[in-house]
Amino acid sequence: MQYVKGIGPRLAEVLAAKGLATVDDLLHYLPFRYEDRLNPRSVAELRAGEMATVIGEVRNSGLFRTRRMPIFQLTMGQGRAKLKCIWFHAAYLQDRFQAGQMVALYGKVEEDRDGGLQIMQPQFEILGDIYEEGGADEAEKKAAASLEIGRIVPIYESTGKLTPRWFRQKIRWVLENLNPDLPDPIPAAVRSHLSLAPMREALFKAHWPDAGESFNDLQASRTAAHIRLIFDELFFIELGLELKRREQKAQTGIAFSLNDAVRAAIKKILPFHPTSAQKRVLKEIASDMQKACPMRRLLQGDVGSGKTIVAFQAAIIAIENGYQVALMAPTEILAQQHYFSARQILERAGYRIVLLTGSLEQDRKRDVRRHIKQGNAQLVIGTHALIQDRVEFENLGLVIVDEQHRFGVMQRLKLMRKTDDARVERAPSPASADPEPDVLVMTATPIPRTLALTLYGDLDVSVLDELPPGRTPVVTRSVADERSPEVWEFVRKQIAAGHQAYVVYPVIEENEERELKAAEQMHRQLREKIFTELHVGLLHGRLDASVKERVMREFQAGKIEILVATTVIEVGVDVPNATVMVIEHADRFGLAQLHQLRGRIGRGAAKSYCVLMRGGKVSEEGERRLDAMVRSNDGFQIAELDLELRGPGEFFGTRQAGIPSFRVANIIRDRELLEAAKREAAFVISGPNAELSNGEIDRALREMRSRWAASYGLVEVG
Ligand code: ADP
Ligand code: MG
């Protein structure tokens, strides 16, 4: 970037901080809207209610101080017609404008009190100095001016001191200096299947549309240029995923046998009748496991849909075939919880289970590792430290990753790689010549199918779309803080009826310290002031493992009636007798998280209640989240809304995990292009053929590898 004319090392750093590290990034920094400065509206023809770009001359401007705020007002004129513009709290505009300057304004036209027209808070650009006469570089000025006026003009998001105009000039310069002979990395056949514009042309026109281009298409990113750029981005991701998938399919795995003895063993452990969804999903998993290629399956199921038992059944298939199973959970509490149920369900049936977590004492850890290495331990349950800490298995046959959404996609990919490492480090076993273990990934985040295709394109997907019988939907209410006495009274009644309750302080990552204090304080207050006659427990991530375990055990056994907790209980915790959950500051937390939390109740036959407390001023988005929670118990519905409110990046946890944050594509808006990209990726991988040469395939794969390496740090893909 720093070698672009007029950028240099200092600006390059500013841009890099904004995620624009290379010239290629800059080229994909597309305008967020366009202004029609070819046919700007004349003031005389403006109508109240429309969005419009208007170009005219500044007549006068000034700052008014009302009692409440400073208001900046500007009058722009075109001949005799006038338009008033108003900015609130805008003392900073005071010295920006001079009478006679040309300005471009964009905003919603309204009628003012005197029947004239005005635009409130318009976006503006001062074109004034473009028209100034003279100066050293007349030609350059003219060229710059021609970028600002008399055409469709791209409007970029400014960053710090870098204005839209700055981006316009730099990007234009780069476009004009692009090597005209760059080969197109997308094979010609693929381009012709979809009538895609050539790359160079697409880049140019996405920034500088032709005069006749449709404004609707531009705004919707649906011009030929946009489509090409979006497809381009999706295609190389899909190509990587497709290749990965084929390679996995080609590897040798373990063909587990599913004979009558195994079937009987699976059935024997069931403490209840499985739902038909559970039966179907187990069948899908079992059929994968019987095949010689390694299983890579994602199991999606809403909170409480009963994934655990299905995982246990899959584990039995592997164990009965003489293999070991690793079950990994994102938190220590969840690992313990699984250990607890595995002991109830599996140990009783004679299977040998160990728990391996980071906080075990050294001696104990060494013991457990020995058991694993010697093959005594059949099911190993642990946090993902389990795999990351070079554990040697005697013969690992199946890896189950629970609550994958807590890991993030990149971590998942790393885990898969660790699985490979685990295989490499496994003590050599004469029986098998290094087959790949099967992998089952479970998640409670329901992802619309097409989206699952992008992010998990290398996995097969099963869905548990049915809840076990007898669940009544959780009754959810959103309640203001002031009413907490009533809420506590309600909790007391539920406990008197023999139930238990959670009081949750969701931890916000950046001020965890303070939130923990809040949970601790709340715990003290509830115990000493409100529920003096009851047992109130406290659970948060910073407690010693032994304390956590004891608290969970006591809550499970009903010795603790009220559990004050942070979001450590978000995943997996299963105490069916708990029927109330009070969530403090509920408005500050994401929908997915709220839904997960609420999933801790409504697990038994008794009616359950979720109380969302909100204090102080709640943001509009916060209100919408609370509202969604009150209205729906359906994970899919909630996920779609969440996706809508937060956008895909946040939804999939880009922040924590650094997954595909797309430069131009938007996987919600561009679902169809995503499907097309997947189809074309499969076409390219299965080539060469009459339409597609080896050289083209190689070029596309090279491009894919360099992009995956640059964006996801996964050089080994493909
Ligand atoms: P999740 O999918 O959220 O991991 P769990 O596996 O923890 O859900 O199951 C939630 C609860 O439902 C557990 O108490 C489990 O014992 C119970 N459960 C699961 N399947 C059934 C079933 N088919 N019939 C009755 N209860 C079930
Ligand atoms: Mg679970």
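The coordinates are above.
Let me begin by describing the structure that accompanies this report. (Residues numbered from 1 in each chain as written. Chains lettered and ligands numbered in written order. Predicted model: local features only at pLDDT ≥ 70, side-chain atom pairs only at ≥ 80, totals over all residues. Heavy atoms only, no water.)

Our next topic: the overall build of the protein. Along the backbone of the protein there are 25 helices and 21 strands. The 718 residues of the protein split such that 54% are buried. A separation of at least 24 residues holds for 75% of the contacts in the protein among residues at least 6 apart in sequence. Total accessible area on the protein stands at roughly 32,900 Å², and carbon and sulfur atoms take up 49% of it. (Helix = DSSP H or I, 4+ residues; strand = E, 2+ residues; numbered from the N terminus. Buried < 20%, exposed > 50% of the residue type's maximum accessible area, 1.4 Å probe, protein only. Contact = heavy atoms within 4.5 Å. Areas by Shrake-Rupley, 256 points an atom, 1.4 Å probe, with all protein chains shown as cover.)

On to the sheet that holds strand β10 (residues 324-329). Strand pairing within a sheet occurs via backbone hydrogen bonds; the two strands may be parallel or antiparallel. Spatial strand order, β11-β12-β10-β13-β14-β9-β15: seven strands in an open sheet with parallel pairing. A single partner strand is all that each edge strand has here, and the edge strands are β11 (353-356) and β15 (460-464). On average, each strand axis in the sheet is tilted by 20 degrees relative to the strand beside it, whichever way the strands run. As judged from the four bridges shared by strand β13 (residues 396-401) and strand β14 (residues 438-443), these two strands associate in the parallel manner. (Pairing = 2+ DSSP bridges. Axes fitted to C-alpha atoms, helices over the stretch in contact; angles between N-to-C directions.)

All right, on to the nonpolar core then. Phe 167, Leu 234, Phe 235 and Leu 239 are the most contacted members of the largest nonpolar core, which has 59 residues in total. Those elements that place two or more of their residues in this core are α1 (8-17), α2 (23-27), α4 (164-176), α5 (188-193), α6 (199-207), α8 (224-250), α24 (671-685) and α25 (694-712). No other element matches α8, which puts eleven residues into this core. Setting aside chain neighbours within four positions, we find Leu 234 in contact with Phe 662, Ala 665, Ile 667, Asp 670, Leu 673, Leu 674 and Ala 677. Counting residues in each nonpolar core, the second largest holds 45 residues, with Met 295, Leu 299, Ala 314 and Ala 329 among its members. (Core = buried A, V, L, I, M, F, W, Y, C linked by side-chain atoms within 4.5 Å.)

For the rest of this paragraph, the subject is the site of ligand 1. By nearness alone, 16 residues border ligand 1, and Gly 304, Lys 307, Thr 308, Arg 471 and Asp 574 come closest of all. A distance of 2.6 Å is found between an oxygen atom of ligand 1 and a backbone nitrogen or oxygen belonging to Gly 304. Here an oxygen atom of ligand 1 and a backbone polar atom of Gly 306 are 3.1 Å apart. Burial of ligand 1 by the surrounding chains reaches 85%, relative to a free accessible area of 570 Å². (Near = heavy atom within 4 Å. Polar contact = N/O pair within 3.5 Å; in protein donor to acceptor, adjacent residues only side chain to side chain.)

On to the pattern of salt bridges. As enumerated under the stated definition, the model contains 39 salt bridges in all. A salt bridge links Arg 41 to Glu 45; its shortest N-O distance comes to 3.0 Å. Exposure remark for Arg 41: the relative accessible area of 25% places this residue in the partly exposed category. Arg 297 is paired through a salt bridge with Glu 284; the nearest N and O atoms lie 3.9 Å apart. With Arg 297 in strand β9 (residues 296-301) and Glu 284 in helix α10 (residues 276-290), the pair connects residues that are 13 residues apart, well separated along the chain. Taking the relative accessible area as the measure of exposure, Arg 297 reaches 9% and is therefore buried. What emerges from the salt-bridge pattern is a single network uniting Arg 33, Glu 35, Arg 37, Glu 125, Arg 165 and Arg 168. (Salt bridge = Lys/Arg side-chain N within 4 Å of Asp/Glu carboxyl O.)

For the rest of this paragraph, the subject is the sheet that holds strand β20 (residues 578-583). Across the sheet, six strands lie side by side as β16-β21-β20-β17-β19-β18; this open sheet has parallel pairing. The open sheet has two edge strands, β16 (475-480) and β18 (536-539), and neither has a second partner. Sheet twist, expressed as the average angle between the axes of neighbouring strands with direction ignored, equals 20 degrees. As paired strands, β16 and strand β21 (residues 609-614) are joined by six bridges and run parallel to one another. Within the sheet, the bridge partner assigned to Val 479 lies in β21 and is Met 613. Sitting on the sheet, helix α21 (residues 620-631) is in contact with β16 and β21, with an inclination near 150 degrees to β16.

Quick look at α8 now. For α8, built from 27 residues, the straight-helix expectation of 39 Å at 1.5 Å per residue is met to within 8% by its first-to-last C-alpha distance of 38 Å. Most of α8 sits out of view: 20 of its 27 residues are buried. (Expected span 1.5 Å × (residues − 1).)

Here we come to the pairing of strand β3 (residues 70-78). Burial of β3 is extensive: seven of the nine residues sit out of reach of the surface. Sheet topology places strand β2 (residues 51-65) next to β3; eight bridges connect them, and they run antiparallel. Counterpart to Gly 62 in the pairing with β3 is Gln 73. A loop of two residues connects β3 with strand β4 (residues 81-88), the two strands running antiparallel in sequence, and Gly 79 in this loop sits at a positive phi of about 55 degrees.

This next bit is on unusual backbone geometry. Excluding glycine, most residues fall at negative phi; most peptide bonds, likewise, are trans. The linkage connecting Gly 687 with the following residue, Pro 688, adopts the cis geometry, with an omega of 0 degrees. Topologically, Pro 688 is positioned in the loop between α24 and α25. One non-glycine residue with positive phi stands out, namely His 89, at about 50 degrees. Among the secondary structure elements, His 89 is positioned in the loop between β4 and β5 (102-111). At Gln 121, a position not held by glycine, the phi torsion is positive, near 50 degrees.

The next thing to look at is the pairing of β5. Both β2 and β5 contribute to a ladder of seven bridges, which runs antiparallel. Residue pairing for β5: Glu 57 is matched across the bridge by Met 102. For β5 and strand β7 (residues 123-126), the ladder comprises four bridges, and the chain directions are antiparallel. Within β7, the position partnered with Ala 104 by the bridge is Glu 125. Looking at chain direction, β5 and strand β6 (residues 117-120) are connected through three bridges and run antiparallel. By the bridge assignment, Val 109 is partnered in β6 with Ile 119. Between β5 and β6, which pair antiparallel in sequence order, lie five residues; one of them, Gly 115, sits at a positive phi of approximately 85 degrees.

Our next topic: the environment of Gln 374. With respect to the helices and strands, Gln 374 occurs in helix α13 (residues 362-374). What makes Gln 374 partly exposed here is its relative accessible area of 48%. In the structure, Gln 374 is positioned 21 residues away from Asn 395 in sequence and 9.1 Å away in space, judged by C-alpha atoms.

Turning to the packing of aromatic side chains, a few remarks are in order. Here the structure, examined in full by the defined rule, presents 15 aromatic pairs. With 5.0 Å between their ring centres and 75 degrees between their planes, Phe 235 and Phe 236 make a pair best called edge-to-face. Like Phe 235, the residue Phe 236 is buried in the burial classification. Ring geometry for Trp 488 versus Phe 531: centroids 5.9 Å apart, planes at 85 degrees, classification edge-to-face. Of this pair, Trp 488 sits in helix α17 (residues 484-496) while Phe 531 sits in the loop between α18 (512-530) and β18, and the two are 43 residues apart along the sequence. A relative accessible area of 6% means that Trp 488 is categorised as buried. The class of Phe 531 is buried, set by a relative accessible area of 0%. Lying across the ring of Tyr 106, Arg 33 places its NZ or CZ 3.5 Å from the centre. (Phe/Tyr/Trp six-rings, centres within 6.5 Å; stacked < 30°, edge-to-face > 60°. Lys NZ or Arg CZ within 6 Å of the ring centre and 35° of its normal.)

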